[in-house]
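# Structural characterization, general
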Amino acid sequence: MSVVLRKKESELKGRSARFHKVPAQLLLSIHPDPSLLQQFVPMETQDVAIQSVPKMSQHEVNTETIDFACAGMNHTEGGWPKDVSLTEDDQKIRYKKKIEKDDYYIHAMLQLGAKIEHCIRQNNAIDIYEMYFENEESPMVEEPEPIKTVNVIRDPHAGQRMVTSLSFAPEGGHKIAASYSSSKFMGLKEGIPKESYVWDINTSSHPELELVGPAWIQCLQYNIKDNNVIAAGVSNGQVAWWDVRQGSRPVESTGLEVSHTQMVTALTWMAHKTRTELFSVSTDGQVLWWDTRKLSQPTDSLVLDPLREDPPNHGRALSATCLEYEATMPTKLMVATEQGQVVACNRRARSPPDRISMIYNAHIAPIYSIQRNPFFLKNFMTVGDWTIKLWAEDFKESPVLWTKPASSQMRSGCWSASRSSVLFTARLDGALDAWDFLTSWSKPASTCQVVDEGLEVVVMHEGGRLLASGSQLGTVSLLHVPPRLVQPSDRHEKAAFTAILERETRRERVLEARHKEQRLRDRVKIGAGRGGGGALGGPGVDVEEDAEPSVDPIKEAEEEYFRQVAELQAQIEQEDAAAASVAVEVTHPPEDAGSNPPAGEASNSMQAESDEGLTTHTDVEEPKSYSSNGSAER
């Protein structure tokens, strides 16, 4: 109970406050009312968390790229009097001694000494490089580092052309060559610029070199042994090469009469001592080999005829879209086509039909990328339609691994240069996916939205830490790959991925052997139904003629295949022999034996005979006994 006294300040001045002890008085007493308890409504307790610090949010922004320029400066020694020669050391030494004896010099040094001593003591007292809280663990869970864009290089004629090919300079170079054209049908029209460029990856303001070809450059590649030489395929079918030290014009190009009849889609340099040989593919279905020392005629040619006829049919040739060449296998190459097939070729085959060794039915749409795994050369990946497929070179029936169809069409792909299980793909919605097959092949390990338009090509720098992607509006984006996608997780990663590939390859072989066995059984049943139980090679069906020819037989599947054939043949021969030896004789009882057998039993026996289809009789009589009703019992 509190009492408040209010008086004016003038009444209290000069008077001392006197307090008296007063006993407590009861002013109001409210007794409990039970009827009010029924009106009381209990409510559940609720917990509310209140944070005493302000909420913070984190944002990342890509700032504009700063262009750096390199400038040189020639520094010469100066500051000496005119009467002192810079080339005479004796004159400079005498002049230094003269200055050191001057009183002004001594006074200036004493003043500077105090300042320098203060800075030295300050530096010794405070360690400016000390790391605070170095050993403490962070309470926040760190998210995986994403793929980041480090530089954006835009086409000077933006919006008119797309980036169709990219090539990094070899031996860890800092230059990248980009070709600007169009891969769409009738996408090239008069008025569209034909220049392509060589860029410095650290500078995006202006190109290092401009490449001007006889037409739009569709694909290009640096020479793997000489970073000053670039070869390119042109939209009109020609092949040209440049020396960056000689300017923007090509050193030499092929003639139209000996070149491809359609657009050159891919080319690559060969691993040869002369460093002058290359080959190109085109949508006209030809593979042409060239030597830059003499481009008047191709050194060799190959037509991608799927029927392997001699001479080949040019009208039936498959349209090539990209190729794969490994320097350690100089005679082999793989060509991907618009029809979704992969053609494996061997240049050193004896006859032209044998130069096409194998054909893989890979995709239902054009294949845009094909590349061998740099760590496992017998395995290669194809990117087409909406999926990635991983193949074994010696097994063409089906891929050993494949991904789920993506939400957008895939346009390009490449393996990581530092990890065997990581690859990158570019999609038509502008996103770049990073896949790690050791963790999952159902979803990508990381996704980065690079641009708003579609991506057309993606390539990997040989160091493994830098990616380059080209868009359909002519933008080249340089991307930094996080360490988790560059450095192996442990030293057993390569062995683990090898085990996955071997396991899946073995599984696909077993499934294919079972499918062959099932198809054989179906053919045998059809032949038995048509020819009345004919065995293999009998009149019912010729299994060898109907069977599909095996181009690349697998040893294990072949043994299983012939074992099943032998078992089925033996089983059918036993059934035929049993059917030929069984005889059924219908005999009538003697006249004094009573009445005939009941009609029901006779009909049942005749029905059994007709069901079995046995019409052969014999004269040999078996002993029979007759019951009282006249039925014969054997």
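Counting restarts for each chain: residues are numbered from 1 in the order of the written sequence. Per-residue local features of the predicted model are confined to residues with pLDDT of at least 70, and side-chain atom pairs are confined, for both listing and counting, to 80 or more; whole-chain, interface and lining totals are unaffected and use all residues. Water and hydrogen atoms were dropped before computing side-chain values, which therefore reflect all heavy atoms in the structure.

What counts as a helix is a DSSP run of H or I of at least four residues, what counts as a strand is a run of E of at least two, and both are numbered from the N terminus. Along the backbone of the protein chain there are 8 helices and 30 strands. Exposure categories follow from relative accessible area, calculated using a 1.4 Å probe and restricted to protein chains: below 20% of the type maximum is buried, above 50% is exposed, and the middle band is partly exposed. Counting only residues that meet the buried cut, the protein chain has 38% of its 634 residues in that class. Partitioning the intrachain contacts of the protein chain with sequence separation of at least 6 by distance along the chain shows that 51% fall at a separation of at least 24. Put simply, the protein chain shows about 41,200 Å² of open surface, and 52% of that area lies on carbon and sulfur atoms. Contacts between residues were defined by any pair of non-hydrogen atoms, one from each residue, lying within 4.5 Å. Note on areas: these come from Shrake-Rupley sampling with a 1.4 Å probe, and a residue is covered only by the protein chains present in the view.

All right, on to the sheet that holds strand β1 (residues 148–154) then. Strands were regarded as paired on the criterion that DSSP finds at least two bridges between them. As summarised here, the arrangement of the 4 strands in space is β1-β28-β27-β26, forming an open sheet in which the pairing is antiparallel. Every other strand in the sheet has two partners, leaving β1 and β26 (455–460) as the edge strands with one partner each. Sheet twist, expressed as the average angle between the axes of neighbouring strands with direction ignored, equals 20 degrees. Here β1 runs beside strand β28 (residues 475–480); their pairing, made up of 6 bridges, is antiparallel. Across the sheet, the residue bridging to Lys 148 is His 480, located in β28. Each axis is a line fitted through C-alpha atoms, taken for helices only over the stretch in contact, and angles between the N-to-C directions span 0 to 180 degrees.

Take a nonpolar patch on the surface next. Patch construction takes residues with relative accessible area above 30% that form no salt bridge. Like charges are linked within 9 Å, and nonpolar side chains (Val, Leu, Ile, Met, Phe, Trp, Tyr) are linked within 5 Å. A pair is scored as a salt bridge if a Lys or Arg side-chain nitrogen falls within 4 Å of a carboxyl oxygen belonging to Asp or Glu. A contiguous nonpolar surface patch, about 730 Å² in accessible area, is contributed by Ile 99, Tyr 105, Ile 106, Met 109, Leu 110, Leu 112, Ile 116 and Ile 120. A total of 7 residues in the nonpolar patch trace back to one element, the largest contributor, which is helix α4 (residues 103–125). Along the chain, Ile 120 turns up in helix α4.

Structurally, Ser 167 is set in strand β2 (residues 162–168). Here a polar contact is recorded for every N or O atom pair within 3.5 Å, except that within protein the pair must consist of a potential hydrogen donor and a potential acceptor, and residues adjacent in sequence are included only if both atoms are side-chain atoms. Here Tyr 222 takes part through its backbone nitrogen, which lies 3.1 Å from a polar atom of the side chain of Ser 167. Apart from residues no more than four positions distant in its own chain, Ser 167 is found in contact with Lys 175, Ile 176, Ala 177, Leu 220, Gln 221 and Tyr 222.

Bringing the sheet that holds strand β12 (residues 286–291) into the picture now. If you walk across this open sheet you meet the 4 strands as β10-β11-β12-β13, and the pairing is antiparallel. Taken across any chain shown, the strands that pair with only one partner, and hence form the sheet edges, are β10 (264–269) and β13 (300–303). Taking each pair of neighbouring strands and ignoring which way they run, the sheet shows an average axis angle of 15 degrees. In this sheet, β13 lies alongside β12 in antiparallel orientation, the contact comprising 4 bridges. Bridge pairing in β13 links Val 287 to Leu 302.

Below, the discussion takes up the packing of aromatic side chains. Describing an aromatic ring pair means giving the distance of the ring centres and the angle of the ring planes. Here the aromatic set is Phe, Tyr and Trp, taking the six-membered ring for Trp, and pairing holds for ring centres within 6.5 Å; pairs whose planes are under 30 degrees apart are stacked, those over 60 apart are edge-to-face, and all others are tilted. One pass over the full model with this rule turns up 8 aromatic pairs. Site record: aromatic cluster; members linked through ring pairs are Tyr 180, Tyr 197 and Trp 199. Note on criteria: charge over ring means Lys NZ or Arg CZ within 6 Å of the ring centre, with the direction from the centre no more than 35 degrees off the ring normal. If you follow Lys 194 out to its NZ or CZ, it ends over the ring of Trp 216, 5.0 Å from the centre. Geometry around Tyr 368 places Arg 411 over its ring, the cationic atom sitting 4.3 Å from the centre.

A few words now on the pairing of strand β25 (residues 446–449). Only one face of β25 is covered, namely the one carrying Ser 446 and Cys 448; the face carrying Thr 447 and Gln 449 has none of its residues buried. Two strands pair when backbone bridges link them, and strand β24 (residues 431–436) and β25 are joined in this way by 4 bridges, in the antiparallel orientation. When the sheet's bridge partners are listed, Leu 432 is paired in β25 with Cys 448.

Of the consecutive residues Asp 310 and Pro 311, the connecting peptide bond is found in the cis state with omega at 5 degrees. For Pro 311, the position within the fold is in the loop between β13 and β14 (320–324).

Moving on to the side chain of His 363. Along the chain, His 363 falls in the loop between β17 (356–361) and β18 (367–372). A distance of 3.1 Å separates the side chain of His 363 from the side chain of Asp 385, its partner in a polar contact.

To continue, consider the environment of Ile 230. Tracing the backbone shows Ile 230 in strand β7 (residues 229–234). Given a relative accessible area of 0%, Ile 230 falls into the buried group. Sequence separation of Ile 230 and Pro 250 is 20 residues, and the distance between their C-alpha atoms is 9.2 Å. Beyond its immediate chain neighbours, meaning those up to four positions away, Ile 230 contacts Ala 177, Val 198, Leu 211, Leu 220, Gln 221, Tyr 222, Ala 240, Trp 241, Trp 242, Val 244 and Trp 269.

Here we take up the environment of Ser 253. Note on placement: Ser 253 falls in strand β9 (residues 252–253). A residue is classified by how much of its surface remains accessible, and Ser 253, at 30% relative accessible area, is partly exposed. Sequence separation between Ser 253 and Gly 213 is 40 residues, and the spatial gap between their C-alpha atoms is 8.8 Å. Setting aside residues no more than four positions away along its own chain, Ser 253 makes contact with Gln 238, Val 239, Ala 240 and Leu 295.

This part covers the pattern of salt bridges. Tallied over the entire structure, the rule returns 22 salt bridges. The shortest N-O distance in the salt bridge between Glu 117 and Arg 121 comes to 2.8 Å. With Glu 117 and Arg 121 both in helix α4 and 4 residues apart, this pair spans about one turn of that helix. Across the salt bridge formed by Arg 521 and Glu 517, the nearest N and O atoms sit 2.8 Å from each other. Taken as a pair, Arg 521 and Glu 517 lie in helix α5 (residues 493–531) at a separation of 4 residues, close to a single helical turn. We classify Arg 521 as partly exposed; its relative accessible area is 33%. Three or more residues are tied together by salt bridges with common partners; here these are Arg 503, Glu 504, Arg 507 and Glu 508.

Moving on to the environment of Leu 568. Tracing the sequence through the fold places Leu 568 in helix α7 (residues 555–581). On the basis of relative accessible area, Leu 568 is assigned to the buried category, the value being 17%. With 48 residues separating them in the primary sequence, Leu 568 and Leu 520 have C-alpha atoms 9.8 Å apart.

We now examine the confidence of the model for the protein chain. For every residue, the predictor assigns a confidence score, pLDDT, that lies between 0 and 100. In this model, the protein chain carries an average pLDDT of 79, and 83% of its residues clear a pLDDT of 70 or more. Across residues 532–553, confidence stays below pLDDT 50; counting only partners more than four residues off in sequence or on other chains, it has 28 contacts. Predicted confidence is poor over residues 583–634, with pLDDT under 50, and the contacts of this stretch with residues over four places away or in other chains come to 38 contacts.

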